[in-house]
Amino acid sequence: MNSSRLRAARKAKGWTQKSLAEKLGLTKSAVSNWENGISTPHYEELTKLADILEVSLDYLRGESDIQKVVKVEADLADLEKLLTGPITFKGQTLDEEQRQRAKEMIEYILFSSKKKDDTK
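Thresholds applied
- Residues numbered from 1 in each chain as written.
- Predicted model: local features only at pLDDT ≥ 70, side-chain atom pairs only at ≥ 80, totals over all residues.
- Heavy atoms only, no water.
- Helix = DSSP H or I, 4+ residues; strand = E, 2+ residues; numbered from the N terminus.
- Buried < 20%, exposed > 50% of the residue type's maximum accessible area, 1.4 Å probe, protein only.
- Polar contact = N/O pair within 3.5 Å; in protein donor to acceptor, adjacent residues only side chain to side chain.
- Phe/Tyr/Trp six-rings, centres within 6.5 Å; stacked < 30°, edge-to-face > 60°.
- Lys NZ or Arg CZ within 6 Å of the ring centre and 35° of its normal.
- Contact = heavy atoms within 4.5 Å.
- Axes fitted to C-alpha atoms, helices over the stretch in contact; angles between N-to-C directions.
- Parallel < 35°, antiparallel > 145°, perpendicular 65-115°, else oblique.
- Left-handed = near helix turned anticlockwise from the far one by under 90°.
- Nonpolar A, V, L, I, M, F, W, Y, C, P; charged D, E, K, R; others polar.

Trainee: Would you explain the side chain of Arg99 in this entry?
Mentor: Position of Arg99 relative to the elements: it lies in helix H7 (residues 96–119). According to the relative accessible area criterion, Arg99 is buried, its value standing at 13%. Looking at Arg99, its side chain comes within polar contact range of the side chain of Glu96, at 2.4 Å.

Written out as structure tokens, the structure is:
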């Protein structure tokens, strides 16, 4: 885990180490140790950190510079907005062709499930 990114994400929320620790159900010293590189969180703690801080796991691990997590809603207008910016999957940024294919697959999934719902 990239300890400086954890500290920056926490500070961006305006939280103290103590307030973040309380949200996680842990001690302030655990958060301090992570931020100072003394120890690292377990995977479950890391995923909870990413969720609470609204950053990606890849960002916290230092594997991507894309910080924000985009929450996907099943709205096609939002889908268009989501797929216009950079998308990272498992640490790899998708190129334009891959983004277009992802969009087509998501639209297919959404439309095929809607058709099933309409026939019931």
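Trainee: Can you help me understand the packing of aromatic side chains in this one?
Mentor: Each aromatic ring pair is described using two quantities: the centre-to-centre distance and the angle formed by the ring planes. By the definition in use, this model includes 0 aromatic pairs. Of note, Lys23 hangs over the ring of Trp15, and the distance from its end group to the ring centre comes to 4.6 Å.

Trainee: Whenever I open this one, helix H4 (residues 43–53) confuses me. Can you help?
Mentor: Along an α-helix, residues three or four apart share an orientation, since each turn contains 3.6 residues. Along H4, the residues that are buried comprise Leu46, Leu49, Ala50, Ile52 and Leu53. Buried positions along H4 lie against helix H1 (3–12), helix H2 (17–24), helix H3 (28–35) and helix H5 (57–61). One or two positions beyond H4, positive phi appears at Glu54, with a value near 60 degrees.

Trainee: I'm lost on the packing of H2 against H3 in this one. Help?
Mentor: The description of two helices packed together rests on the angle between their axes and the distance between the axes. Two elements in contact, H2 and H3, have axes whose closest approach is 8 Å; the angle formed by their N-to-C orientations is 115 degrees. One way to sum up the angle between H2 and H3 is to call them roughly perpendicular. You can see that H2 and H3 cross each other, and the crossing is right-handed. Side by side, H2 and H3 meet where Gln17, Lys18, Leu20, Ala21 and Leu24 of the first sit next to Lys28, Val31, Ser32, Trp34 and Glu35 of the second. Per-class residue counts for the contact of H2 with H3 are 5 nonpolar, 2 polar and 3 charged.

Trainee: Looking at this model, I keep getting lost on H3. Mind explaining?
Mentor: When H3 is considered as a whole, its buried residues turn out to be Ala30, Val31, Ser32, Trp34 and Glu35. Where H3 is buried, its residues contact H1, H2 and H4. Downstream of H3 by a residue or two, Gly37 has a phi angle that is positive, lying close to 70 degrees.

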